[in-house]
Amino acid sequence: MSQHPSHPSTPDSPEAQQRPPFFMTEEEFNAIIKALMARKVTLPCQRCGHTKFELQPSYTTIPLVPNPNMASSYGVFIPTAIVACGNCGNLSFHSLSQLGLFKGGEQPPEVEIR
Ligand SMILES: [Zn+2]
């Protein structure tokens, strides 16, 4: 996994002030890497077999909808970290809740498997 791209030494350092506002903090970045390593998330890329990955420095969310015709603005989301293969760019998404890194927000909805 890569290092955080901004490497701020302190919250008020010039590097931290230059960090794009949508970047996570270095502490958050390192916590995600630690959580993935603790769970042995170390297999090669499922698409190309490459072994180098880049944790993206921003979060994303995956919207949950009760049926595919609903807009993604339904309001229920899975907060997610993104890991990209360093060769082919294949993206892997890791739920922050499952990694124990997200406690806030609403409770996940009851999901009925049909
Ligand atoms: Zn790949």
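This text follows the structure it describes.
First, a word on what this report is: a plain description of the structure on this page. Predicted, not measured: the structure shown is a model, and the values here were computed from it.

**Some words on the overall build of the chain**
When helices and strands are counted, the chain shows 2 helices and 3 strands. Element order for the chain, N to C, with α for helix and β for strand: α-α-β-β-β. Counting across all 114 residues of the chain, residues that qualify as buried make up 9%. When contacts within the chain are restricted to residue pairs at least 6 apart in sequence, those whose partners lie at least 24 apart make up 50%.

**A word on the environment of Gly 89**
With respect to the element layout, Gly 89 can be found in the loop between β2 (76-85) and β3 (91-95). When the 12 C-beta atoms within 10 Å are taken as the criterion, Gly 89 is described as exposed. Residues Gly 89 and Cys 48, 41 residues apart in the sequence, show an inter-C-alpha distance of 9.6 Å.

**Notes on unusual backbone geometry**
A positive phi angle, close to 60 degrees, is found at Lys 40, a residue other than glycine. The residue Lys 40 is located in the loop between α2 (26-38) and β1 (53-64) in this model.

**Some remarks on the pairing of β2**
Direction of pairing for β1 relative to β2: antiparallel, over a ladder of 9 bridges. Counted as the bridge partner of Glu 54 is Ala 84 from β2. Examined bridge by bridge, β2 and β3 share 5 bridges and lie antiparallel to one another. Of the residues in β3, the one forming a bridge with Ala 81 is His 94. A loop of 5 residues connects β2 with β3, the two strands running antiparallel in sequence, and Gly 89 in this loop sits at a positive phi of about 80 degrees.

**Quick word on the nonpolar core**
Listed in full, the 8 residues of the largest apolar core are Phe 29, Ile 32, Phe 53, Leu 55, Ala 81, Val 83, Cys 85 and Leu 96. Listing elements by their share of this core, those giving two or more residues are α2, β1 and β2. In terms of residue count, β2 provides more of this core than any other element does, 3 residues in total.

Rules of the game
- Residues numbered from 1 in each chain as written.
- Predicted model: local features only at pLDDT ≥ 70, side-chain atom pairs only at ≥ 80, totals over all residues.
- Helix = DSSP H or I, 4+ residues; strand = E, 2+ residues; numbered from the N terminus.
- Buried ≥ 20, exposed ≤ 12 C-beta atoms within 10 Å, placed from the backbone.
- Contact = placed C-beta atoms within 7 Å.
- Pairing = 2+ DSSP bridges.
- Core = buried A, V, L, I, M, F, W, Y, C linked by C-beta atoms within 7 Å.

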